[in-house]
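Chain residues, written in single-letter form:
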Amino acid sequence: MKTGTPPMVRAPDMPSRTDSGSSDDAKPSTAAADAEAPAVVVQHSFASVQPDLPRKPNYWISCCKACVLLCLALLCQPIWFGTAIVLSFALTGVSIVAGLPIVFLILYFYSFMPHNDLYTQLLLLSYKVLFFARYKPTARGDMLPGLLRPKEQLEKRAIAYAVNILVPLSSEEEFKKDRITFTSTLGILFEENLHRLPYYQRNAAFAPGEDPVEYVMSYVGDVFPHVNQIYREKTSDEACTQLAFFGLGAHRIEVETETRTDEHGNEVEAKMYVVRTNQLSQLPVREGFETYGGDAYFDAEWRIEKIVIQTQLSSEGLPGPLVTVRPGERGWEYAKFCWRSSLFSLVTLVDHLYGVHMQAGNACVVAMRQQLSKDHPIRRFLTPFSFQTISVNDNARNNLVNPRSMGPRCFALTDIGMDLAWSAAPTLLQSGVEAAKAQTDPKLYWRALLDRGWYIENWVKPRLGKLTPWWEQALEFWNVQKAFVTAFMESYWSGPEALLQDKEAFKFLVQSVSIVQSTSSDAITHLAELPAELSAEIFWDATINLIARYTNLVTAGHEQVGTVPVYAQDASFCAFAWKKGEMMATKQAALNAAVLMAFTSTPMPPLMRKTEEDDWSFLFPSEWKSADVPSPKARADAAYNQFQADLARLEVKYQAFNDAALAADATFPNNFGIWAHLKPGGTASGVFIKFVLVADKPFMRHVCGCASHNHNSFGAPFCNCEDKDATHDDGCGLYNLSHDPATHYNGSITPEVLAARAHLPLWYVLGMEEPDQWRVQCDKCGTVIDSKNGGLAKIKEVEKHLAELSPAERKKVHEEHAKKCGGQHLHHGPLLPYHHAAYDPMHGFHSEINALFDESVNQYLAIRPNDSKSIKQLKEQTQADLNARWKKEHLPKFIQWGEDGKGSKFSQMNGPTIRRVFAAPRLVTDTFDLMAKGAGTGAKEVGASAAKAAGGTKKGKGGKGKGKPKRKAKDRVVRMTDACLDSSEDEAAETAEASTGDGHRVGAAFLAIMSFHDCIRSNHKRSAKEITMDERLVLARKATRAALRMEKAMLSLIGTHRRRTYAHDIVYGTHMLYVLYGRPWNAATEGSEHEHQNMKKYFARMVNHRTKGADVLGILRLSHAYRALMQTDAVHCLPRTGYAAGRANITFAAKEGAVVKRAMWRV
């Protein structure tokens, strides 16, 4: 029985939980305080109550209560009927309006992906919308320091299954507009609740012989990521070796010894490599699916020897038996498939999703955002590595971790199985925590926990006995990253004592490791308990290793466990879920894996600096309040540049490793690569290529490091011709067309020659490592640069000297060097390696057309200062008539004839305009009719005016220069009869020369130009590989004849007062292109000025002389394969030339008249 409710009061001498001070501080100190204090009352407890006996049922209703409720129900009945009628009309209206779109959507979703559920369909469709609306981010475009958010507490959500993991919401992401809109709210609601859709298991299997790769790519091929890895035969025994030692299991290799009996009956210890997945064997799976598990054992030569499968517990709870399957035994192929699929599932769930994203990546980015100011050097340094990490992890929380999201739908685990898997994930990680727990020395503890290099050298290597190639590359990459981090830290802090004063850095380390500790398998010492033990040296080491470990994990680590499209694409190779006894996933499981792979492949800014847009050194702060090192930004930039150089070096080395694995003579187990770049197919493709540099003349000269094409040495990089009189003994000259077209562009000016003329070795130009011994000599000035006389130091000294010069002084140095060295600028080597350089005839053809119209029409319309009034009026009227006629034709580009009152001059015609003019011959005849009409009324005065124009004056700005005679054009002698022509061409040339009248010469030039145009634009339907070399030579000679006729006609009309270097190149370049391709290669972008300028900007960003290691050579890193091939199996098929021998570093035993098989370089 209750006796009353006692008052709730404070007990004596007990402070309230809300008091901030101690109990002593809470005591009143004055009598007034004693008087105001509340009375002390002791709280009484409540009395216990026994149930009533005997017990009677109580349903909270009686007859009276039932009658009252029935009466109320009768009174409410009309309201119910009225509401029902209104709702029925409303539902009918909604059904009529929304019926069509609803039925359409139902039919639409039934029309594709019939073997999947609505969740997967909606997820894939929404990702495709985002994929094609997104662009690839860049450092300079998407990491602006002004968009960094301040240090703040982040709003987080707990993820399902895992304990102690809180993931920030995507709204906390940096570099995005902090604006909530209706559409963005709908997107958030959609993503947060999509997993609530029901899951329907569909068991449709692939038909015998049906290609699972083709099936999944038919649905996700437009958004599926690039497949980098190469497996020659995915289901073979050798593929298991590749998967374990070079692929997905390379970081999980362990060693186990096994006692065996040798042939003499003695017991010996045999070393076995093993990759385990039996840790997953006891996890419950959905009905009908196979359980995970299987430990693959490899012998000392890395050949797979057996797979041991741990079966599940019996119904009595006893351990299941171990099943061992060996090669050739029944069930061997099925055991391999189960092991491959179990490894794929283990790495994806534990190493990738839990280890990289939810644990380490999340811990570091949360600590960085909550403890480091936006201008803190460490925060700025980590920004590129943490770009969009919050968004990615929040997306993983919604679409990979939540119940019934894509993760649980992909795997065969039940809900309880998913719970158990996430609970076991911390114990299954191999990240360094297991090594740290074994250490007693605090210094070694921190190194084992965070220093990846120490972990590999002192934990992995002693257990393996020898590092595998994957671990060797992992160690080398770690050393590069740690050196970068160390150099960066030393740029702002002079040493451990200085860093220890930075409280933000200390809190960052504490929170990062604390979060990792709270999500690890066993408790490791909490940092909050160790502030006194963290000496300055340990803190310095731990901070550097933490930063390096994080950057290593989200780059190389994520590449290892997350770049897995080759496994997710083929359901017969690996699967997340498969039916018992089946060696291929169901269609639903196959497509689920492919969809998961697609929408988790978000593009990120590249780590390597390929263009200026990828350079993220601008993030480094110029100063920091606790920094005690002068000029920290300059030091940090130097560290960054060294890091980029190291990455370029590793790229070349690792690609050479992969290339060696693809070689036809590569033997097991050296025939497996660790790919970061795609190679087509797992074996030699049989494709042989050469690089041909084709462009217009000015661009070609720029790429090759030469001076302007107006320079005296106009021939480079095609030939050695210079502006010398054609009567000179060497036969050079701008308008000397007597060279043999078959040999003039003989490829003798190689990249090595151009580099030597720039006084640089080719290895330096290509950004390669310096060889022990090297020597180059300029063939023009004779200068020798080698490793014995200054070497690389001397090259650096010259570069430093050039950098210190003013632009005007530097230009002068380059011009003087170009005069002596064949037009090559000092230290401007070729930016691209090539086998042949050829001129694009389309550029020259366009220039010839414009020169012809300018010479035959426009020059007579130019208004001269000494023109009489009548002549001026006549020219203006003719200009107006011509412009009106050409405007009427509606050409792609408006052509302005003459010079109007505003100073606009003759407009150059582009490609589409020229084609339209050729298609309208009446326009050309009308043009000359109008010219003849004007000439008929004032021919004598026009002729006199034109004659005086040659001695006119040159007017400069502000009237300066009046009365000064124009510089006399350099006269170049033309030897028309020395060209290589047959009798018909000689006759045509003589006819052109005999045509002394302007009209005849203009007509001959037009006919020759149109003949050349028809020649190079016809006969292009055949594939180049179908055209034999003999046919190519016939076509080349025909095109060369047309080019020679055109040039002779142009020279007859124009003479030599115009400097047309393309007149030389268009003859010999066209011949070369026909030999190479069977037709001219049109690399022009004429006709679209926008595309033309875009192409120039794009190429200018990739190839430039000022940024070493950031040019297009990063894409064309083939020189190492090129070199290695020529020094091995290509030695016996190289041409017997000095150049080939020099590149291959061999000596040929030349035989007179010997026939040598030619081969292009195989890639």
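Please read these numbers as outputs of a predicted model, since none were measured by experiment.

(A) How the structure looks around the environment of Ser-847. If you trace the backbone, Ser-847 turns up in helix H30 (residues 841-856). In this structure, the C-alpha to C-alpha distance between Ser-847 and Met-909, residues 62 residues apart in sequence, is 8.7 Å.

(B) Representation of the pattern of salt bridges in the model. Tallied over the entire structure, the rule returns 34 salt bridges. Note that Glu-210 and Lys-587 form a salt bridge whose closest N and O atoms lie 3.3 Å from each other. Of this pair, Glu-210 sits in the loop between helix H6 (182-193) and helix H7 (212-220) while Lys-587 is found in helix H22 (residues 587-599), placing the two residues 377 residues apart along the sequence. For Lys-587, a relative accessible area of 11% puts it in the buried group.

(C) Main features of the nonpolar core. Ranked by internal contacts, the top residues of the largest apolar core, which has 176 residues, are Trp-339, Trp-422, Phe-508 and Tyr-567. When neighbours within four sequence positions are excluded, Phe-508 is seen to be in contact with Cys-364, Ala-367, Met-368, Gln-371, Leu-372, Ile-378, Leu-382, Leu-546 and Ile-547.

(D) Quick look at the sheet that holds strand S3 (residues 254-261). The strand order across the open sheet built from 5 strands is S3-S4-S5-S6-S7, with neighbouring strands paired in antiparallel fashion. Only two strands of the sheet have a single partner each, and these edge strands are S3 and strand S7 (322-325). Averaged over all pairs of adjacent strands, the angle between strand axes in this sheet comes to 30°, irrespective of strand direction. Its contacts with the sheet place helix H9 (residues 332-371) against strand S4 (267-275), strand S5 (295-298), strand S6 (304-310) and S7, and it is angled at close to 70° to S6.

(E) Structural context of the environment of His-251. Within the element layout of this structure, His-251 appears in the loop between helix H8 (237-246) and S3. It is 9.7 Å that separates the C-alpha atoms of His-251 and Thr-468, two residues lying 217 residues apart in sequence. Polar contacts involving the side chain of His-251 include one to the main-chain carbonyl oxygen of Leu-248, which spans 3.4 Å. Only 2.9 Å separates the side chain of His-251 from the side chain of Asp-351, close enough to count as a polar contact.

(F) Focus on the UniProt feature "transmembrane region" (unreviewed entry) in the chain. The sites that carry the UniProt feature "transmembrane region" (unreviewed entry) are, in the present numbering, residues 59-80, 86-111 and 118-135. Between the first and last C-alpha atoms of residues 118-135 the distance is 28 Å; the span itself is 89% helix and 0% strand.

(G) Local environment of the environment of Ala-577. Mapped onto the elements of the fold, Ala-577 is located in the loop between helix H21 (565-569) and H22. The exposure class assigned to Ala-577 is buried, which follows from its relative accessible area of 3%. Ala-577 sits 13 residues away from Ala-590 along the chain, and the two C-alpha atoms are 8.4 Å apart.

The rules behind each value
Residues numbered from 1 in each chain as written. Predicted model: local features only at pLDDT ≥ 70, side-chain atom pairs only at ≥ 80, totals over all residues. Heavy atoms only, no water. Helix = DSSP H or I, 4+ residues; strand = E, 2+ residues; numbered from the N terminus. Salt bridge = Lys/Arg side-chain N within 4 Å of Asp/Glu carboxyl O. Buried < 20%, exposed > 50% of the residue type's maximum accessible area, 1.4 Å probe, protein only. Core = buried A, V, L, I, M, F, W, Y, C linked by side-chain atoms within 4.5 Å. Contact = heavy atoms within 4.5 Å. Pairing = 2+ DSSP bridges. Axes fitted to C-alpha atoms, helices over the stretch in contact; angles between N-to-C directions. Polar contact = N/O pair within 3.5 Å; in protein donor to acceptor, adjacent residues only side chain to side chain. UniProt positions renumbered as here; feature names shortened; annotations may be inferred.

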